[in-house]
There are 2 protein chains.
Amino acid sequence: MKKRIEGLKKRMEDNGFDLVLLMHPQDVYYYAGTSQPCNLLVSLKEEPVLFVRRAWDFAKQETTLENLKFGASLGDLTKYLSSIGLNKGVLGLEEDVLPARLHRRIKEYFSDFKCENVSPLIMEQRLIKDEEEIDLVKKASSIYSHIHEAVMNNLRPGITEVELATKAWAAARKAGHEGVSVHRRWDGFLPGEGVVTSGENMWKISGYAMTVTGVGKSKAIPCGASDRVIQKGDLVLLDNGLNYQGYHGDIARTYVVGKADERQKEVFSSLLLIMEEILNHIREGIAVKDLYELAVNKASEEGYQEYFQGYGSQKGEYIGHGLGLEVDEPPVVGPHTDLKLREGMILAIEPKIIIPDWGAVDLEDTLCVTKEGCEIFSPVRRKLYEVE
Amino acid sequence: MKKRIEGLKKRMEDNGFDLVLLMHPQDVYYYAGTSQPCNLLVSLKEEPVLFVRRAWDFAKQETTLENLKFGASLGDLTKYLSSIGLNKGVLGLEEDVLPARLHRRIKEYFSDFKCENVSPLIMEQRLIKDEEEIDLVKKASSIYSHIHEAVMNNLRPGITEVELATKAWAAARKAGHEGVSVHRRWDGFLPGEGVVTSGENMWKISGYAMTVTGVGKSKAIPCGASDRVIQKGDLVLLDNGLNYQGYHGDIARTYVVGKADERQKEVFSSLLLIMEEILNHIREGIAVKDLYELAVNKASEEGYQEYFQGYGSQKGEYIGHGLGLEVDEPPVVGPHTDLKLREGMILAIEPKIIIPDWGAVDLEDTLCVTKEGCEIFSPVRRKLYEVE
């Protein structure tokens, strides 16, 4: 953690920040080792100070930082800054997540500071994972083997999506899932259970994610498992954000109830080739947009460009995303990301073919970029599983 | 829904707003009947317009509004406003949830408008529920009977908190739970499963809620069920935010594994008296702060003031909260809320006694305020359940 604070200070210096105030639980956890309600002040000159807003005993026991204060108010922060003679400069705030009203209050308290968005720096630092983080993502990903087993044991004609989802959930929780998939967003919602969907729900792209979403139980929460009764011959998808001690794996597999028919096999085998094309090219140094282009080209070659990553206006320009303390972190693996892969990046790669009035096939693997290629953490084979 | 838009326009007029732009899914759902990604524009002069950012087919089918446009960008909104000659005035935004960065972008696009926080007006309107909303809260609350049954059937010495939580979850989902409990907050997290906790975890107040929280599996997500193995004699709490078609019930019951000992009975019977004192006084016209004071006085009379709603610095000044489309809505039922109860308000009342190194007892009921009293929606009796 000391290294992380040093890394932040270096970035602050390079980008003209004098002071950073972090309030988002995942950022505080990253630098301070606790996700209790805290305000973390990092200045260039002093040791970082953790102002604990609640749950002092927890924060004290958990944090790796040495300077703790009990203080819930913004006044506590400015009083402290006065005491160390830091009264002006550039103040970094997490403006991608901090609500406007709170942001305004902070600006009032820090009226002699100039506020700027510090989240890009933080997310850039979090892009490259250290050994401990990589190990946790690996463990998170391994939870999928228990979900897979639950699917193989319970997926039958007559079971509903929700029933299957709760079987998978129970297995995941028992295997270590923290029970929450963390998203860095203010709107939208995805069920903690992940997406469990089937049949005609496979091509209905609903809600806040441009992917196979499921339709949920009602229009109030229109994603995830529904009460649809699964039938023989159905395609079924499980797509799970798995949280182990704060770090996420994100894995999806497609199943078919009974024997796959010819078209299901054919579409899936094309998807598999697209996935292999992507995975074969992942290594340090490749440009993210080149990776995306390779995937699109392969999808064309297979004859599925029209349905690759959705269809019509419901098409997403991406084949994956970073992840770590949040299920969805930079980079977007897509055509508009100007970035080369580096060792230690964690990615979820998720090609899919979604064909209206037919169905969808989807594969998602979580992996770590290495110098020569990548290490894939998904614990079950990439295949179209026939469940009988 | 037409009435809701009229109610909003009335409030806009009374408070000097010319235009309101809503982006938060629950607010959009309240006024437009869809929670798909949309921007809802309500002006004093024109019919409201729903700009659908994604999932057009869903939004079109779901919404009760007539004017729909497909448009994902802020430019689409300002272009439309120009076309109707609305180029300046006071613009209401949801500043309690809108991130600072997005807020700034909106201000750039709407540079001739003065932006103000419209969320208090919206939450004030949402305070009084209509018949349909009350019916959904009732149905949400009834889900607890299935959770209760799962607890009675599965709570035994040797089961872990997480195992019990997944049994309760499966029952709740099967009975209609949408799978997500919606919170209007940017930070913190509570597991969708709710709080399932026991034994020494009962008095460890962790994380973002000042209540019996549970400690979770790790410090990364420090609330909810843990891997603790439940023992004979343990107190066990289930506290669940239940979502039925978008509306929440919030219900908690305390259980004991085996026969309750004398102290457990005694503390619980005091809690029951406090709860009855509160419930007996709820009716249209009573001031929220008087209700709070009655509860605190009763807790004193019973000798538990020190432990009522927590202890030491971990004490919450509240005995309940509003709820509806979100689990936690205004009002806070506490000493700082200047409000009288009105017919149609939905409240969750949750007195608790938390004694360090001993345990905790907790009761939570969801109810609707009526002219003469209240209608309580919780489907299971208030008692300390001995599970053998």
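Residues numbered from 1 in each chain as written. Chains lettered and ligands numbered in written order. Predicted model: local features only at pLDDT ≥ 70, side-chain atom pairs only at ≥ 80, totals over all residues.

Some remarks on the overall build of chain A
When you go through chain A residue by residue, the secondary structure sums to eleven helices and 19 strands. The C-alpha radius of gyration of chain A comes to 22 Å, within 12% of the 21 Å expected for a compact globule of 388 residues. Its C-alpha atoms give chain A principal-axis dimensions of about 75 × 40 × 35 Å. Split into buried and exposed, the 388 residues of chain A put 54% on the buried side. Long-range contacts, defined as pairs at least 24 residues apart, comprise 66% of the intrachain contacts of chain A with a sequence gap of at least 6. (Helix = DSSP H or I, 4+ residues; strand = E, 2+ residues; numbered from the N terminus. Rg over C-alpha atoms; globule rule 2.2 N^0.38 Å. Buried ≥ 20, exposed ≤ 12 C-beta atoms within 10 Å, placed from the backbone. Contact = placed C-beta atoms within 7 Å.)

Description of the relation of the copies chain B and chain A
The two copies are related by a screw motion: chain B maps onto chain A through a turn of 180° and a shift of 0.0 Å along the axis, at an RMSD of 0.0 Å. Taken together, the rotation and translation describe the operation of a two-fold axis. Take the interface residues of chain B: 100% of them recur as interface residues in chain A, which is what a same-surface contact looks like. (Least-squares fit on C-alpha atoms with pLDDT ≥ 70 in both.)

What to know about the environment of His24 of chain A
With respect to the helices and strands, His24 of chain A occurs in the loop between strand S1 (19–22) and helix H2 (25–32). Look at His24 of chain A and you get buried, because 23 C-beta atoms sit within 10 Å. Residues His24 of chain A and Pro37 of chain A lie 13 residues apart in sequence; the distance between their C-alpha atoms is 8.6 Å. If sequence neighbours within four positions are ignored, His24 of chain A has contacts with Glu94 and Val97 of chain A together with Asp187 of chain B.

Let's talk about the pairing of strand S14 (residues 346–349) of chain B
Residue and element names in this part refer to chain B. Of the two faces of S14, the one holding Ile346 and Ala348 and the one holding Leu347 and Ile349 are both buried throughout. As judged from the four bridges shared by S14 and strand S17 (residues 365–369), these two strands associate in the antiparallel manner. Paired with Leu347 across the two strands is Leu367, which belongs to S17. (Pairing = 2+ DSSP bridges.)

Focus: the domain arrangement of chain A
Residue and element names in this part refer to chain A. Split by domain assignment, chain A resolves into domain 1 (2–126) and domain 2 (131–387). The distance between the C-alpha centroids of domain 1 and domain 2 comes to 34 Å. At the junction of the two partners, domain 1 supplies six residues and domain 2 supplies nine residues. Elements with a minimum of two residues in the side of domain 1 that touches domain 2: H2 and helix H6 (119–127). (Domains from an automatic or database assignment.)

Brief notes about the confidence of the model for chain A
Looking at chain A, pLDDT values average 96 and 100% of them are 70 or higher. Here the prediction assigns the complex a pTM of 0.97, and the interface score ipTM is 0.96. (pLDDT = per-residue confidence, 0-100.)

Some words on the interface of chain B and chain A
Counting from both sides, the interface comprises 57 residues of chain B and, opposite them, 57 residues of chain A. Elements that contribute at least two residues to the side of chain B that touches chain A include exactly helix H2 (25–32), helix H3 (56–62), helix H5 (100–109) and helix H9 (161–174) of chain B. Take the side of chain B that touches chain A: its biggest share by element is seven residues, from H9 of chain B. In terms of residue class, the side of chain B that touches chain A is made up of 25 nonpolar, 20 polar and twelve charged. (Nonpolar A, V, L, I, M, F, W, Y, C, P; charged D, E, K, R; others polar.)

Quick look at unusual backbone geometry
Here the amide bond leading from Pro330 of chain A into Pro331 of chain A is cis, since omega sits at 0°, within 30 degrees of zero. In this fold, Pro331 of chain A is placed in strand S13 (residues 329–333). In the Ramachandran plot, Ala55 of chain B falls in the positive-phi region, its phi being about 55° despite a non-glycine side chain. Position of Ala55 of chain B among the secondary structure elements: in the loop between strand S3 (49–52) and H3.

Considering the packing of helix H8 (residues 144–154) of chain B against H9 of chain B
Residue and element names in this part refer to chain B. Between H8 and H9, the least distance of the axes is 8 Å, while the angle of their chain directions is 145°. As for the relative orientation of H8 and H9, their crossing is right-handed in sense. Of the residues in H9, those touching H8 at His146, Ile147, Glu149, Ala150, Val151 and Asn154 are Leu164, Lys167, Ala168, Ala171, Ala172 and Lys174. The residue makeup of the contact of H8 with H9, split by class, is seven nonpolar, two polar and three charged. (Axes fitted to C-alpha atoms, helices over the stretch in contact; angles between N-to-C directions. Left-handed = near helix turned anticlockwise from the far one by under 90°.)

Digging into the sheet that holds strand S5 (residues 89–93) of chain B
All names here are of chain B. On the basis of which strands lie adjacent, the open sheet formed by six strands has the order S4-S3-S2-S1-S5-S6 and mixed pairing. Looking along the sheet, the strands with just one partner apiece sit at the ends: strand S4 (67–70) and strand S6 (113–117). Shown here is a sheet whose adjacent strand axes are inclined to one another by a mean of 25°, direction ignored. Both strand S1 (residues 19–22) and strand S2 (residues 38–43) contribute to a ladder of four bridges, which runs antiparallel. By the bridge assignment, Leu22 is partnered in S2 with Leu40. Its contacts with the sheet put helix H1 (residues 2–15) on S1, S2 and S5, and the angle it makes with S2 is roughly 60°.

Things to note about the pairing of strand S16 (residues 359–362) of chain B
Successive side chains on a regular strand alternate, one facing one side of the sheet and the next facing the other. Residues and elements named next belong to chain B. Neither face of S16 is left uncovered, since the one carrying Gly359 and Val361 and the one carrying Ala360 and Asp362 both have all their residues buried. Bridge analysis of strand S15 (residues 352–355) against S16 gives four bridges, and the strand direction is antiparallel. Looking at S16, one finds that Ile354 is bridged to Ala360.

Quick look at the sheet that holds strand S17 (residues 365–369) of chain A
Residues and elements named next belong to chain A. Strand order in this open sheet of five strands is S13-S12-S14-S17-S18, and the pairing throughout is antiparallel. One side of each edge strand has no neighbouring strand; the edge strands of this open sheet are S13 and strand S18 (374–376). Here the average twist between neighbouring strands, direction ignored, is 25°. Sheet topology places strand S12 (residues 320–322) next to S13; three bridges connect them, and they run antiparallel. What sits directly across from Gly320, in S13, is Val333.

Structural notes on H2 of chain B
Residues and elements named next belong to chain B. Most of H2 sits inside the fold, with eight of its eight residues counted as buried. Every buried residue of H2 is listed here: Pro25, Gln26, Asp27, Val28, Tyr29, Tyr30, Tyr31 and Ala32. The first or second residue beyond H2 is Gly33, which carries a positive phi of 80°.

Some words on the environment of Arg253 of chain B
Residues and elements named next belong to chain B. Along the polypeptide, Arg253 turns up in strand S9 (residues 247–257). As for Arg253 and Pro99, which are separated by 154 residues in sequence, their C-alpha atoms are 36 Å apart. Setting aside residues up to four positions removed in sequence, Arg253 forms contacts with His148, Leu238, Leu363, Val380 and Tyr385.

Topic: the environment of Gly199 of chain A
Residue and element names in this part refer to chain A. Inspection of the secondary structure puts Gly199 in the loop between strand S7 (195–198) and strand S8 (235–244). C-alpha separation for the pair Gly199 and Gly188, spaced eleven residues apart in sequence, amounts to 24 Å. Excluding residues within four positions of it along the chain, Gly199 makes contact with Arg228, Ile230, Gln231 and Asp234.

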